[in-house]
Amino acid sequence: MIIAVDGPAASGKGTIAKALARHYGLPCLDTGLLYRAVGLSVLKRGGDPDIKADALAACDFGDEILADPALRSEAVGSLASRVSVHQAVRDALIARQRDFATQPGGAILDGRDIGTVIAPDADAKIFVTASVHVRAERRYKDSLAQGGQPDMDSLIANIQARDTRDMSRDHAPLKIADGADLLDTSDLTIDAAVQRAIALVDAQLEGRPAG
């Protein structure tokens, strides 16, 4: 069983994917971490994430970098969005993602092109979204909790820029996959969003409309 969870930054897709993984007893991969790892690798090498050759050279990262807490920073998130524009980078990471998706028993993957490119034949697909302001507030609270001094206007601008970049890129743009259910978490608590996601997945698996 393969479940695809897509959506923009700070929509709640990662939290929902992990909850679905616990509910269905499946392994979960945050594919955004792979692109963040490329972005961080480019930074450490002194390269330019907007130059294809630099970004592609950073795709040979080892798995140990996936545990680096720096991957969760807003700055590295922006780098990930920039390196993901390059088709060569996406091609280099596709095999790793598809191998995870097709492992015995199935898996859950969250990202921006899971239902459209990585696993278009997934058994269930959800597109998680939320308003820009709500997503910025989530980033604001996360940053405060980590001792940061976030600026709301900057967070909003950053999220809008990432959305534009992700949705307008030529290769594998962020969009709702065919057959995916839309889940707007703007006005939902985490528990409510998770329960709604489970209901949507169950309905898709059973081939009936979600109640």
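On a predicted model such as this, the values are computed, not experimentally measured, just so you know. (Residues numbered from 1 in each chain as written. Predicted model: local features only at pLDDT ≥ 70, side-chain atom pairs only at ≥ 80, totals over all residues. Heavy atoms only, no water.)

A. Fine view of the overall build of the protein. Looking only at helices and strands, the protein has nine helices and five strands in total. N-terminal to C-terminal, the α/β element order of the protein is β-α-β-α-α-α-α-β-α-β-α-α-β-α. Taken against the 2.2 N^0.38 rule, which gives 17 Å for 211 residues, the C-alpha radius of gyration of the protein at 17 Å falls within 12% of a compact globule. Looking at the protein as a whole, 48% of its 211 residues qualify as buried. A separation threshold of at least 6 residues defines the contact pool for the protein, and within that pool the share at least 24 residues apart is 75%. With an accessible surface of roughly 10000 Å², the protein has 53% of that area assigned to carbon and sulfur atoms. Each charge sign in the protein was given a centre, from 24 positive and 30 negative side chains, and these centres are 1 Å apart. (Helix = DSSP H or I, 4+ residues; strand = E, 2+ residues; numbered from the N terminus. Rg over C-alpha atoms; globule rule 2.2 N^0.38 Å. Buried < 20%, exposed > 50% of the residue type's maximum accessible area, 1.4 Å probe, protein only. Contact = heavy atoms within 4.5 Å. Areas by Shrake-Rupley, 256 points an atom, 1.4 Å probe, with all protein chains shown as cover. Lys, Arg positive; Asp, Glu negative; His and termini not counted. Charge placed at Lys NZ, Arg CZ, Asp CG, Glu CD.)

B. The arrangement of the layout of surface pockets in detail. The volume enclosed by the largest pocket comes to roughly 1100 Å³. If you trace the largest pocket, you find 49 residues lining it, with A10, S11, G12, R139 and D142 closest to the centre. The set of elements that each furnish at least two residues to the lining of the largest pocket consists of α1 (13-24), α2 (32-44), α4 (74-83), β3 (107-111), α7 (132-145), α8 (152-168) and α9 (190-206). Here the lining of the largest pocket takes seven residues from α7, the largest share from any one element. Among the residues forming the lining of the largest pocket, the class breakdown is 13 nonpolar, 17 polar and 19 charged. (1 Å grid on protein atoms, 1.4 Å probe; cavity = no way out; pocket = protein on both sides within 12 Å on 5 of 7 lines; lining within 4 Å. Points joined across faces, edges and corners; volume = space filled by probe spheres on them. Nonpolar A, V, L, I, M, F, W, Y, C, P; charged D, E, K, R; others polar.)

C. Expanded view of the side chain of Q97. Mapped onto the fold, Q97 is located in helix α5 (residues 87-101). For Q97, a relative accessible area of 0% gives the class buried. What Q97 contacts, discounting residues up to four positions off in sequence, is L29, T31, L34, Y35, L109, D113, I114 and I118.

D. Quick look at the sheet that holds strand β1 (residues 2-6). Pairing in this open sheet of five strands is parallel, and the strands run β2-β3-β1-β4-β5 from one edge to the other. Of all the strands in the sheet, just β2 (28-30) and β5 (181-184) have a single pairing partner and so form its edges. Neighbour-to-neighbour, the strand axes of the sheet open up by a mean angle of 20 degrees, direction not taken into account. As defined by bridge partners, β1 adjoins strand β4 (residues 124-129) across four bridges and the pair is classed as parallel. Looking at the pairing, D6 lines up with F127 of β4. (Pairing = 2+ DSSP bridges. Axes fitted to C-alpha atoms, helices over the stretch in contact; angles between N-to-C directions.)

E. Layout of the nonpolar core. Among the nonpolar cores identified, the biggest contains 20 residues, and I3, L20, I108 and I126 are the most heavily contacted of them. Elements with a contribution of two residues or more to this core: β1, α1, β4 and α9. Discounting residues that sit within four places of it in the chain, L20 has contacts with I3, V5, G25, I108, I126, A197, I198 and V201. Within the second largest apolar cluster, 18 residues are counted, among which are V42, C59, F61 and L71. (Core = buried A, V, L, I, M, F, W, Y, C linked by side-chain atoms within 4.5 Å.)

F. View of α2. Between its terminal C-alpha atoms α2 stretches 18 Å, which fits the 18 Å expected from 13 residues at 1.5 Å a residue. Counted residue by residue, α2 has eleven buried out of 13 residues, so it is predominantly covered. Among all positions of α2, only G32, L33, L34, Y35, R36, A37, V38, G39, L40, S41 and V42 are buried. Count one or two residues on from α2 and you reach G46, which has phi positive near 75 degrees. (Expected span 1.5 Å × (residues − 1).)

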